Amino acid sequence: MTTAAQRFNPAGSGFDVERVRADFPILATEVHGKPLVYLDNAATSQKPLAVIDAIMRYYQGTNANVHRGVHYLSEAATEDYEAARQTAAQFIHGPHLHEIIFVRGTTEGINLVAQTFGRSQIGAGDEILITAMEHHSNIVPWQILCDEKGAKLRVAPINDNGELLLDEFAKLLGPKTKLAAVTHVSNALGTITPLKRMIELAHAQGVPVLVDGAQAVPHLKVDVQALDCDFYTFSGHKVYGPTGIGVLWGKTELLESMPPYQAGGDMIRSVTFDKTTYNKLPYKFEAGTPDIAGVIGLGAALKYVTGLGIDNIAAHEHDVLEYGTKKLLAIPDVRIIGTAEDKAGVISFVMENAHPHDIGTILDQEGIAIRTGHHCSQPVMDRFGVPATARASLAVYNTRSEMDALARGIEKVREILG
Ligand SMILES: Cc1ncc(COP(=O)(O)O)c(C=O)c1O
């Protein structure tokens, strides 16, 4: 495997994407006799050898339960598990290790906050503010909570480019607002939201902010202290880590004030039939045997990203995004949905005379993997008056020549369906 220093060429020619690609064994796959062009990274990213090896090392060398044994393997596993917590804290610049809670992913992070903070702090007549570009996992948990409590979900609108209308967002914040739950980057549009300003506006009204960082963490530098958000959550599998693991970060005073999410082993301090007291943070929110291999794999993924340098990744992806956008815009019949000034990683598009599902099927025959459908963002589809889009989404290993392949594939779609 190459080192991070070798991958970034200080001579000025930039990022050596071919060396990065060599870290991802799956990228050598052929699909229907063609080289794989993997452009479904917003759904899940591929995994580098560093992650695959870390998981294998755990199962081959240190497999044991954590926090429970005095024996060698348990201590080794616990050490690696807790080291990953430290890596995660550093990755998002979290000030305290005990504020990093391992969850299954972004979905569970949001549900945890809805079921604990939400259920204990939100009541009849209160309001929760979201935006019109949220993923279903940042809509439905709040709808369920609102139904249960008699609270109201408010939605800040977006413009035709897919950008948040900040003034409208500000107007919707008021004394009844008990939480703003907002995305950092839209999975369907690629829009990067003006998060810092949104948080300032919410805090000016005393409203805490939860950030869905699922699509931000792979592409942008995230600093929870600079943002001053109250909760930040992301999924490991979108940032080159394993599925089934993610992080919820929250400010200590909020996490302390929240009741437990799930109950069982590890989250207790003492149990009698009369009374149970809870463990300290973060263990209060980590009931049961965790996904130890997943946590270790996530730690390896975050280290891998740090080794490449998130700013280098962002610069490379921005170049491929701009190049790909220009290529697609030059094709008659293609309309890009999501044209925000500030975008990361996503080109969502529709074509005259071609259903997105058919676009995806024809591109698959060319070895090109894209996503088609509503991308778990049906309200975004409604906003743009389309049932679905075709979505190419980028990662660090994608190249300009893959954008050329995508454009050629789309020309083929036009030949077949046009
Ligand atoms: C913006 C956004 N939020 C939340 C999620 C849910 O993530 P997960 O399925 O990993 O929990 C996704 C997944 O696509 C997403 O793109």
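Residues numbered from 1 in each chain as written. Predicted model: local features only at pLDDT ≥ 70, side-chain atom pairs only at ≥ 80, totals over all residues. Heavy atoms only, no water.

Asks: Help me out: how do you make sense of the site of the ligand in this one?
Replies: All residues adjacent to the ligand are Ala42, Thr106, Thr107, His135, Ser137, Asn187, Asp212, Ala214, Gln215, Ser235, His237 and Lys238. One of the side-chain N or O atoms of Thr107 is found 2.6 Å from an oxygen atom in the ligand. Interatomic distance of 2.6 Å between a side-chain N/O atom of Lys238 and an oxygen atom of the ligand. Starting from 390 Å² of accessible surface for the ligand in isolation, the protein chains cover 84%. In terms of residue class, the shell around the ligand is made up of 2 nonpolar, 8 polar and 2 charged. (Near = heavy atom within 4 Å. Polar contact = N/O pair within 3.5 Å; in protein donor to acceptor, adjacent residues only side chain to side chain. Areas by Shrake-Rupley, 256 points an atom, 1.4 Å probe, with all protein chains shown as cover. Nonpolar A, V, L, I, M, F, W, Y, C, P; charged D, E, K, R; others polar.)

Asks: When you look at the packing of aromatic side chains in this model, what are you seeing that I'm missing?
Replies: Any two aromatic rings considered together are summarised by their centre-to-centre distance and by the angle between their planes. Tallied over the entire structure, the rule returns 7 aromatic pairs. Geometrically, the ring pair formed by Tyr58 and Tyr59 is tilted, given 5.0 Å between the ring centres and 55° between the ring planes. On the basis of relative accessible area, Tyr59 is assigned to the exposed category, the value being 53%. When the centroid spacing of 5.9 Å and the interplanar angle of 65° are considered together, the rings of Phe117 and Phe231 count as edge-to-face. Of this pair, Phe117 sits in helix α5 (residues 106-121) while Phe231 sits in strand β11 (residues 231-235), placing them 114 residues apart in sequence. The exposure class of Phe117 is buried, given its relative accessible area of 5%. Among the aromatic residues, those joined into a ring-pair cluster are Phe24, Tyr240, Tyr304 and Tyr397. Lying across the ring of Phe384, Arg383 places its NZ or CZ 5.3 Å from the centre. (Phe/Tyr/Trp six-rings, centres within 6.5 Å; stacked < 30°, edge-to-face > 60°. Buried < 20%, exposed > 50% of the residue type's maximum accessible area, 1.4 Å probe, protein only. Helix = DSSP H or I, 4+ residues; strand = E, 2+ residues; numbered from the N terminus. Lys NZ or Arg CZ within 6 Å of the ring centre and 35° of its normal.)

Asks: What am I meant to see in the sheet that holds strand β19 (residues 389-393) here?
Replies: Paired through backbone hydrogen bonds, the strands of a sheet run either parallel or antiparallel to each other. Overall, antiparallel pairing links the 4 strands, which are arranged β15-β16-β19-β18 in an open sheet. Each edge of the open sheet is held by one strand with a lone partner, namely β15 (334-337) and β18 (371-373). Between one strand and the next, the sheet's axes are offset by a mean angle of 30°, whatever the strand orientation. Sheet topology places strand β16 (residues 346-351) next to β19; 4 bridges connect them, and they run antiparallel. Looking at β19, one finds that Ile347 is bridged to Ala392. Packing of helix α12 (residues 310-329) onto the sheet brings it into contact with β15 and β16, and relative to β16 it is tilted by some 10°. (Pairing = 2+ DSSP bridges. Axes fitted to C-alpha atoms, helices over the stretch in contact; angles between N-to-C directions. Contact = heavy atoms within 4.5 Å.)

Asks: How should the nonpolar core be read in this particular structure?
Replies: Nonpolar side chains in soluble globular proteins generally cluster together in the buried interior. If you look at the biggest cluster of nonpolar residues, it comprises 81 residues, and the most contacted ones within it are Phe102, Phe169, Tyr232, Tyr240 and Tyr397. Top element by residues in this core is helix α11 (residues 292-308). It accounts for 11 residues. Beyond its immediate chain neighbours, meaning those up to four positions away, Tyr397 contacts Val17, Val20, Arg21, Phe24, Leu27, Tyr38, Asn41, Ser45, Gln46, Tyr240 and Glu402. Formed by 26 residues, the second largest nonpolar core is a distinct cluster that contains Met351, Leu363, Ile368 and Val413. (Core = buried A, V, L, I, M, F, W, Y, C linked by side-chain atoms within 4.5 Å.)

Asks: What is the right way to read the pattern of salt bridges from this model?
Replies: Pairs can form between side chains of opposite charge whenever their charged atoms are close. Using the criterion set out here, one finds 21 salt bridges in the structure. Where Lys178 meets Asp126, a salt bridge forms, and the shortest distance between an N and an O atom there is 3.4 Å. With Lys178 in strand β9 (residues 177-183) and Asp126 in the loop between α5 and β7 (127-131), the pair connects residues that are 52 residues apart, well separated along the chain. In this structure Lys178 comes out as partly exposed when scored by relative accessible area, which is 28%. With a closest N to O distance of 3.2 Å, Glu168 and Lys171 form a salt bridge. Taken together, the residues span about one helical turn, with Glu168 and Lys171 both in helix α7 (residues 166-172) at a distance of 3 residues. By relative accessible area, which is 30% here, Glu168 ends up partly exposed. (Salt bridge = Lys/Arg side-chain N within 4 Å of Asp/Glu carboxyl O.)

Asks: It is not clear to me how the side chain of Thr131 should be interpreted in this structure. Could you clarify?
Replies: Within the secondary structure layout, Thr131 lies in strand β7. A polar side-chain atom of Thr131 sits 2.6 Å from a polar atom in the side chain of Glu134. Each residue touching Thr131, except ones within four places of it in the same chain, is listed here: Val155, Ala156, Leu164, Ala181, Val182 and Met198.

Asks: Would you explain the sheet that holds strand β10 (residues 209-212) in this entry?
Replies: Judged by pairing direction, the sheet is mixed, and its 7 strands sit side by side in the order β6-β12-β11-β10-β9-β7-β8 without closing on themselves. For this open sheet the edge positions go to β6 (100-103) and β8 (152-156), each flanked by a neighbour on one side alone. With direction set aside, neighbouring strand axes in the sheet form an average angle of 20°. Examined bridge by bridge, β6 and strand β12 (residues 246-250) share 4 bridges and lie antiparallel to one another.

Asks: Please clarify how the pairing of β7 should be interpreted in this entry.
Replies: Regular strands place their side chains on alternate faces of the sheet. Judged by how many residues are buried, β7 sits mostly within the fold: 5 of 5 residues are covered. Residues of β7 alternate between two faces, with Glu127, Leu129 and Thr131 on one and Ile128 and Ile130 on the opposite face, all of them buried. As defined by bridge partners, β7 adjoins β8 across 5 bridges and the pair is classed as parallel. Bridge pairing links Ile128 to Leu153 in β8. After leaving β7, the chain enters helix α6 (residues 140-149) and then returns to the sheet as β8, a path that is right-handed. For β7 and β9, the ladder comprises 3 bridges, and the chain directions are parallel. The residue of β9 that forms the bridge with Ile128 is Leu179. (Right-handed = clockwise from strand over helix to strand, strands pointing away.)

By themselves, these observations are geometric and do not establish any function.
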